[in-house]
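One letter stands for each residue in the lines below.
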Amino acid sequence: MYECFEVTIANKVAHVQLKRPDAFNSMIASFWTELPQIVREIDASASARAIVISSTGKHFSAGMDLEVFSGGSSLSVGPGVTEEGRKRAYMWMMVQHLQDSFTALEQARIPVLCAIQGGCIGGAIDMVSAADMRYCSADAFFCVMEINIGMTADVGTLQRLPKIIPEGIARELAYTGDRMPAQRALECGLVNQVFEDHDSLVEGVLEIAGRIATRSPLAIWGTKEMINYTRDHSVADGLRYIAGWQSGMFQPADMFEEFAAKGEKRAPIFEELPEPPQSL
């Protein structure tokens, strides 16, 4: 169904796998349409309560495919656009289109977890930095590749990475293009946990996502919304926002169900999130 991804859903966890291992899961043109489509469809349909993004082969992703930089790519030259100012305007819109492909991970009401093996390079850093949590195998490494090819990273790394790890470390990675190994990524907080190998990584992250999926989806949505908002605002703004959110969203049904399930020694049963309204 998809050129770049394989999607399966089980036990309220969606597993989205990059499936071009022979090309090191590089990001071809279809990648940028498929990823946000997958994430938004899962979120809107409430078919899962958490998403795990993993990969196949030796490397998680080598980042942007070279075809994207070719003169004939629709990602670099708009169809029928010839005048120079309009070419630049098209490029400005296209960069924002690429950014939106990863912002979809942040905007989803459900958590997105990334399981990273081997190389996480260039555009792959842009992607995983937009996720809620990151995990990796012992052979993983992270590289802000853009500086090594003479460009400035422009799809989210420079905006999100300094809010995940200390700013000085983010600057060093972005200025030097050096590789950060798995253990260093763990030490500075880029990843939550390092697993021994790829198989244990995917198994472990799916298990974590499975535990998240047992929680109230409305409470999880509110939690993600508040963390994302607070990251970009003051403490005072964040407190005011949660006060407003709770005045409408905090209803006792899910809390009562949690208490009842514990008393009856069973798993709680929650109503799924509503489907977002369609355009009128």
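Our subject is the structure listed above.
Residues numbered from 1 in each chain as written. Predicted model: local features only at pLDDT ≥ 70, side-chain atom pairs only at ≥ 80, totals over all residues. Heavy atoms only, no water.

**Considering the nonpolar core**
Judged by nonpolar contacts, the single largest core of 53 residues is most densely connected at Phe31, Ile53 and Phe142. Among the secondary structure elements, those contributing two or more residues to this core are β2 (13-18), α1 (31-45), β3 (50-54), α2 (84-107), β4 (112-116), α3 (123-129), α5 (167-176) and α6 (182-187). Of all the elements, α1 adds the most residues to this core, at six residues. If we skip the residues at most four places from it in the chain, Ile53 touches Val16, Leu18, Leu35, Phe60, Leu105, Val112, Leu113, Cys114 and Ala115. Residues Val52, Leu113, Ile208 and Ile212 belong to the second largest nonpolar core, which totals 15 residues. (Core = buried A, V, L, I, M, F, W, Y, C linked by side-chain atoms within 4.5 Å. Buried < 20%, exposed > 50% of the residue type's maximum accessible area, 1.4 Å probe, protein only. Helix = DSSP H or I, 4+ residues; strand = E, 2+ residues; numbered from the N terminus. Contact = heavy atoms within 4.5 Å.)

**Let's talk about α2**
With 24 residues, α2 extends 34 Å between its outermost C-alpha atoms, agreeing within 8% with the 34 Å of an ideal straight helix rising 1.5 Å per residue. A bend of about 35 degrees at Ser101 is the largest found in α2. Those residues of α2 hidden inside the fold are in contact with α1, β3, β4, α3, α4 (157-160) and α8 (217-231). Measuring from the backbone nitrogen of Gly85 back to the side-chain oxygen at the start of α2 gives 2.9 Å, which picks out Glu83 as the cap. (Expected span 1.5 Å × (residues − 1). Bend = angle between axes of the 7 residues up to and from the residue. Polar contact = N/O pair within 3.5 Å; in protein donor to acceptor, adjacent residues only side chain to side chain.)

**Things to note about the sheet that holds strand β9 (residues 193-195)**
Pairing is mixed across the open sheet formed by six strands, whose spatial order is β1-β2-β3-β4-β6-β9. Every other strand in the sheet has two partners, leaving β1 (5-10) and β9 as the edge strands with one partner each. Sheet twist, expressed as the average angle between the axes of neighbouring strands with direction ignored, equals 20 degrees. Here strand β6 (residues 133-137) runs beside β9; their pairing, made up of three bridges, is parallel. Paired with Ser137 across the two strands is Phe195, which belongs to β9. (Pairing = 2+ DSSP bridges. Axes fitted to C-alpha atoms, helices over the stretch in contact; angles between N-to-C directions.)

**A word on the state of the cysteines**
Applying the stated rule across the entire model yields zero disulfides. With no disulfide partner, Cys114 has as its closest neighbouring cysteine sulfur the one in Cys120, 7.8 Å distant. Looking at Cys114, the relative accessible area reads 0%, which means it is buried. (Disulfide = S-S within 2.5 Å.)

**Description of the packing of α8 against helix α9 (residues 235-249)**
Contact geometry of α8 with α9 gives a least axis separation of 9 Å together with a crossing angle of 160 degrees. It follows that α8 is roughly antiparallel to α9 by the angle criterion. Both α8 and α9 take part in a crossing whose hand is right-handed. Residue-level inspection shows Leu218, Trp221, Gly222, Glu225, Met226, Tyr229 and Thr230 of α8 in contact with α9, the latter providing Asp237, Gly238, Tyr241, Ile242, Trp245 and Met249. Its residues assigned to classes, the contact of α8 with α9 shows eight nonpolar, three polar and two charged. (Parallel < 35°, antiparallel > 145°, perpendicular 65-115°, else oblique. Left-handed = near helix turned anticlockwise from the far one by under 90°. Nonpolar A, V, L, I, M, F, W, Y, C, P; charged D, E, K, R; others polar.)

**Comments concerning unusual backbone geometry**
Of note in the backbone geometry, Phe24 takes a positive phi value of approximately 55 degrees without being a glycine. Tracing the sequence through the fold places Phe24 in the loop between β2 and α1. You can call Phe24 partly exposed: its relative accessible area is 40%. A positive phi angle is found at Asn25, which is not glycine, with a value near 55 degrees. Its location among the elements puts Asn25 in the loop between β2 and α1.

**Notes on the layout of surface pockets**
Of the pockets and cavities examined, the largest pocket occupies roughly 560 Å³. If you trace the largest pocket, you find 22 residues lining it, with Ser216, Leu218, Ala219, Met249 and Asp254 closest to the centre. Elements supplying a minimum of two residues to the lining of the largest pocket: α8, α9 and α10 (253-264). Among the elements that make up the lining of the largest pocket, the one with the highest residue count is α8 (six residues). Partitioned by chemical class, the residues of the lining of the largest pocket number 13 nonpolar, five polar and four charged. (1 Å grid on protein atoms, 1.4 Å probe; cavity = no way out; pocket = protein on both sides within 12 Å on 5 of 7 lines; lining within 4 Å. Points joined across faces, edges and corners; volume = space filled by probe spheres on them.)

**Observations regarding the sheet that holds strand β8 (residues 179-181)**
The strands that make up a sheet pair up through hydrogen bonds in the backbone, lying either parallel or antiparallel. Spatially, β5-β7-β8 is the arrangement adopted by the three strands of the open sheet, whose pairing is mixed. Strands at the two margins of the open sheet, each flanked by one partner only, are β5 (119-121) and β8. Between one strand axis and the next, the sheet turns through 20 degrees on average, direction left out of account.

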